[in-house]
Each structure stands twice: as structure tokens, then as C-alpha cells.
Amino acid sequence: MDKIQASFGLLVYGLIHSFFLTLEMFCLHVVLTSSSDSIFSFMFYNNFTEVKITVFKKTDLSGLFFSATNDSVERFNLIIYLMNVILTTSQRRSRMLMYCCIMWGSEMVAD
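Since this is a predicted model, take the numbers as computed values, not measurements. (Residues numbered from 1 in each chain as written. Predicted model: local features only at pLDDT ≥ 70, side-chain atom pairs only at ≥ 80, totals over all residues. Heavy atoms only, no water.)

**Re the packing of helix H1 (residues 2-33) against helix H2 (residues 36-55)**
Running from N to C, H1 and H2 cross one another at 135°; their axes reach a closest spacing of 7 Å. As the angle between them shows, H1 and H2 are arranged oblique. The segment H1 lies against H2, with Leu28, Val31 and Leu32 engaging Ser38, Ile39 and Phe42. Residue composition of the contact of H1 with H2, by class: five nonpolar, one polar and no charged. (Axes fitted to C-alpha atoms, helices over the stretch in contact; angles between N-to-C directions. Helix = DSSP H or I, 4+ residues; strand = E, 2+ residues; numbered from the N terminus. Parallel < 35°, antiparallel > 145°, perpendicular 65-115°, else oblique. Contact = heavy atoms within 4.5 Å. Nonpolar A, V, L, I, M, F, W, Y, C, P; charged D, E, K, R; others polar.)

In C-alpha cells:
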């Protein structure tokens, strides 16, 4: 019975985690396909909070490693999301590619 409860808990966790990752991808897709003002305000808010958390947080060497691994996972997710936006949008691809490059670059600078 204990293995069944653990399996059920893992299944529920996986479904909730997948739901939130999909929601994050949809939000990024909506931001990138809307006006340029929303893109820059999204990037400013997202990167400002990330920089604020990093600057005012006291970390040791293990905390720095944890932060670096989280940043690499975030970059990988962002690559997948941006590729999805570029491939699924019917708007001007050159414009989408430019916005995706700007978003990728701003994330790299903030990290």
C-alpha cells in the first residue's frame, strides 16, 4: 500500500509540475505575440526580480552552485519555450526571432 501511495503522489506532483510549466510557456507565448511594450515590461519585471533576489541574498559556495544549476535549468526551459514560439507563431518570423534574441540576451545578462 505504501508503494501505491508514493506512486500516486509522484503522479500528482508530475501532473501539477507539467501544468505549471505549460502555463509558463503559454504566458511567454502571449507576451511575445502581443505588443512590444508588453515584451519589454515583462523582461524588466522578470529580470529585476531575479537580480534583486540574487544581490540581496547572502550565499555560500553551495548556495552559489544551487543558483547556477537553477539558472542553467531556466535557460534550457527558455530555449524550449522560445523555439516553440518561433515555430508555432504565424506572425513575422524575423520580428519574433529578434524579440526572442532580446529576451535570451537579457536573461543571460541578468544571470
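Don't stop here, the text continues.
**Concerning a nonpolar patch on the surface**
A contiguous nonpolar surface patch, about 800 Å² in accessible area, is contributed by Phe8, Leu11, Val12, Leu15, Ile16, Phe19, Phe20 and Leu23. Checked against the element boundaries, Leu23 lands in helix H1. (Patch = residues over 30% accessible without salt bridge, like charges linked within 9 Å, V, L, I, M, F, W, Y side chains within 5 Å. Areas by Shrake-Rupley, 256 points an atom, 1.4 Å probe, with all protein chains shown as cover. Salt bridge = Lys/Arg side-chain N within 4 Å of Asp/Glu carboxyl O.)

**Side note on helix H4 (residues 93-110)**
Over its 18 residues, H4 runs 25 Å from end to end, which matches the ideal 26 Å to within 8%, given 1.5 Å per residue. Of all the positions in H4, only Arg95, Met96, Tyr99, Cys100, Met103, Ser106, Glu107 and Ala110 are classed as buried. Along H4, the residues classed as buried sweep out an arc of 130° about the axis, all on the same side. The exposed residues of H4 that point more than 90 degrees off its buried face are Ser94 and Val109. (Expected span 1.5 Å × (residues − 1). Buried < 20%, exposed > 50% of the residue type's maximum accessible area, 1.4 Å probe, protein only. Arc of directions from axis to C-beta.)

**Here we look at the state of the cysteines**
In a disulfide, the sulfur atoms of two cysteines are covalently bonded to one another. Throughout the structure, instances matching the rule amount to zero disulfides. For the unlinked cysteine Cys27, the closest cysteine sulfur is that of Cys100, found at 15 Å. Overall, Cys27 belongs to the partly exposed group, its relative accessible area being 43%. Counting only cysteine sulfurs, Cys100 is the nearest neighbor of Cys101, a cysteine outside any disulfide, at a range of 7.0 Å. Accessibility expressed as a relative area gives 49% for Cys101, which makes it partly exposed. (Disulfide = S-S within 2.5 Å.)

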